[in-house]
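What the coordinates show
Given next are the chains, with one letter for each unit.
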Amino acid sequence: MDEGRYTEWFSKVRDLIWNDLTPYIERVEREGHIPHDEVIPKLASLGLYGCLVPESYGGLGLTVKQYIPVLVELSKMYAGLRGYLHAHVSASKLLEFATEEQKQKLYPGVASGEIQLGFALTEPDNGTGVDISTTAQRRDDTYYVNGRKHLISNCDIADYLMLVCYTDRSKGPEGISVLMLPKGAPGFTWDPVGGLMGCKGAEHGRLNLNDAQVPAENLLGGVEGKGLHHALEALEESRLFIASTSLGTAERVLELSLEYAQQRVTFGKPIATRETVRSYLAEMAMDIYALRTMLADAIAKIDRGERIPAEAAMCKQFGAEAVFRVTDRALLVHGGLGYTTQRDIERHYRDCRINMIEEGTPSIQKTVIARTFLDGYRFPDFGGQL
Ligand SMILES: Cc1cc2nc3c(=O)[nH]c(=O)nc-3n(C[C@H](O)[C@H](O)[C@H](O)COP(=O)(O)OP(=O)(O)OC[C@H]3O[C@@H](n4cnc5c(N)ncnc54)[C@H](O)[C@@H]3O)c2cc1C
């Protein structure tokens, strides 16, 4: 999107988030479900489902640099809604690898929100990546899929789930593909997985695939064996999105802590005058500055078309650690009230715990970082200047 239009559009996004969507926080926290019939038209009114869909197919065609402020702002307000939109938008990223016919068929609906998406990788009985066991066998024009997935966001409303599975186990990583599993496919059922700690609102169910039938034309990109490469490339960008979620939450709780520290008076003085409280605030700001700087560097690289496995994993991991520290400090600044639902700190504290797990636990991020450097990657030489 060109910069002039973007500035105007983003100010409308901010208004939508803080005026139209804020009332849903209390309702979703209480009921545990996003009222999709009300929320979808609101998000669709500004084209938010199509943030990463190219303009030529009816989307907004945002760069990563333009999309990240949307996630930051949503996370400042309510990570529950962020989680729901993120699952759709990140899954839409995979359509970059679709055939022209698949793009023509899906992109317009994905951009308008009429087609809802999710991404299905995690399994209850196996590890993630090459360890998955879900397998599809092609007979004539249909894939028959068997296996189980769980914790799959948006599985209740997704018209298509981007399902990562083996289409040929004998080929190892080169035998993994992505099938676009349609809602209501014969042999496909799902059960709810309830009781989330935070980030409430979206469904994260368990998929049961018993000879689930997927038309062969739903093979992403039309070629078997590319699934792992596609998923890993999409994950790079998506890890920056999780880091930006950490940033949004961290910035919001710093703001709330600054306000509270100046209002709360003990022994005749605002707690903001106390050295310990000031040190909490300073530590929060330092983490936020470091995360902003890392993200800015990684975003510039990815928008230039560079692959950034190490930077993406570092942003994701550092962001999660930073927002854990920042919400810890925010809780300390708020004292006992911060532990109650009277203050938003309580919700932000719970919501951000997912950032350490979603799209890869610390062991995965650190494995990726170490492997990239052991394979020869190095930070660029300063060459006399920063
Ligand atoms: C709210 C929510 C939404 C989610 N949405 C989605 C979604 O839309 N789609 C999707 O596919 N998934 C989704 N997930 C799943 C999420 O991505 C996974 O939970 C996460 O990647 C971790 O995988 P796991 O739960 O299988 O953990 P495990 O792999 O069981 O890991 C448990 C622990 O063991 C460690 N561990 C595991 N294997 C190894 C190893 N080989 N070496 C060293 N340490 C290891 C891990 O680091 C971790 O500390 C969601 C989860 C939640 C909670």
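Residues numbered from 1 in each chain as written. Predicted model: local features only at pLDDT ≥ 70, side-chain atom pairs only at ≥ 80, totals over all residues. Heavy atoms only, no water.

1. With respect to the site of the ligand
Looking at the ligand, there are 14 residues lining it, with Phe119, Thr122, Leu151, Thr361 and Ser363 nearest. Between the ligand and Thr122, the relevant distance is 2.7 Å, taken from a nitrogen atom to a side-chain nitrogen or oxygen of the residue. Between the ligand and Ser363 there is a distance of 2.5 Å, counted from an oxygen atom to a side-chain nitrogen or oxygen. Burial of the ligand by the protein amounts to 56% of the accessible area it has alone, namely 960 Å². Elements that contribute at least two residues to the shell around the ligand include exactly strand 1 (117–120) and strand 3 (142–153). With three residues, the top contributor of residues to the shell around the ligand is strand 3. Looking at the shell around the ligand residue by residue, the classes come out as seven nonpolar, six polar and one charged. (Near = heavy atom within 4 Å. Polar contact = N/O pair within 3.5 Å; in protein donor to acceptor, adjacent residues only side chain to side chain. Areas by Shrake-Rupley, 256 points an atom, 1.4 Å probe, with all protein chains shown as cover. Helix = DSSP H or I, 4+ residues; strand = E, 2+ residues; numbered from the N terminus. Nonpolar A, V, L, I, M, F, W, Y, C, P; charged D, E, K, R; others polar.)

2. Things to note about helix 4 (residues 64–77)
Between the first and last C-alpha of helix 4 there are 20 Å, a value that for 14 residues agrees with the 20 Å anticipated at 1.5 Å per step. Burial within helix 4 is extensive, with 12 of its 14 residues counted as buried. Along helix 4, the residues classified as buried are Val64, Gln66, Tyr67, Ile68, Val70, Leu71, Val72, Glu73, Leu74, Ser75, Lys76 and Met77. Taken together, the buried residues of helix 4 touch helix 1 (3–21), helix 2 (24–31), helix 5 (79–93), helix 7 (227–263), helix 8 (275–303) and helix 10 (345–351). (Expected span 1.5 Å × (residues − 1). Buried < 20%, exposed > 50% of the residue type's maximum accessible area, 1.4 Å probe, protein only. Contact = heavy atoms within 4.5 Å.)

3. Describing the pattern of salt bridges
According to the stated counting rule, one finds 28 salt bridges in the structure shown. A salt bridge links Lys76 to Glu251; its shortest N-O distance comes to 3.4 Å. Remark: Glu251 occurs in helix 7 and Lys76 occurs in helix 4; sequence separation between them is 175 residues. The same class applies to Lys76 as to Glu251, namely buried. Close ionic contact of Asp191 with Arg206 constitutes a salt bridge, the shortest N to O distance being 3.1 Å. Residue Asp191 is found in strand 6 (residues 188–191), and its partner Arg206 is found in strand 7 (residues 204–215); the two are separated by 15 residues along the sequence. Given the relative accessible area of 27%, Asp191 is considered partly exposed. Residue Arg206 is classed as partly exposed on the basis of its relative accessible area, which comes to 28%. Overlapping salt bridges, with partners in common, bring together Glu26, Arg27, Arg30, Glu31 and Glu38 in one network. (Salt bridge = Lys/Arg side-chain N within 4 Å of Asp/Glu carboxyl O.)

4. Quick word on the domain arrangement of the chain
Many descriptions give the size of an interface as the accessible area lost when the pieces come together. Here the domain parsing of the chain yields domain 1 (3–112), domain 2 (117–225) and domain 3 (228–374). Taking the mean C-alpha position of each, domain 1 and domain 3 sit 21 Å from one another. Between domain 1 and domain 3, a total of about 2100 Å² is buried, with carbon and sulfur atoms accounting for 64% of that surface. If you sort the residues of domain 1 by the area they bury against domain 3, Val64, Lys76 and Phe97 come out on top, with a joint share of 26%. Between the two partners, domain 1 and domain 3, sit four salt bridges. Of the charged contacts, one joins Arg350 and Glu29 as a salt bridge, the two residues approaching to 3.0 Å between their closest N and O atoms. Between domain 1 and domain 3 we count 10 residue pairs in polar contact (both at pLDDT 80 or more) in total. Looking at the side of domain 1 that touches domain 3, the elements with two or more residues in it are helix 2, helix 4 and helix 5. With nine residues, the top contributor of residues to the side of domain 1 that touches domain 3 is helix 4. (Domains from an automatic or database assignment. Buried area = accessible area lost by both parts, 1.4 Å probe.)

5. Structural notes on helix 9 (residues 309–334)
When the terminal C-alpha atoms of helix 9 are compared, their 37 Å separation across 26 residues agrees well with the 38 Å that a helix rising 1.5 Å per residue should span. Residue Gly335 follows helix 9 closely and has a positive phi angle near 60°.

6. Regarding the UniProt feature "domain: Acyl-CoA dehydrogenase/oxidase C-terminal" (unreviewed entry) in the chain
On the UniProt side, "domain: Acyl-CoA dehydrogenase/oxidase C-terminal" (unreviewed entry) is annotated at positions that read residues 225–372 here. Along residues 225–372 one finds 74% helix and 3% strand; the C-alpha atoms at either end are 23 Å apart. (UniProt positions renumbered as here; feature names shortened; annotations may be inferred.)

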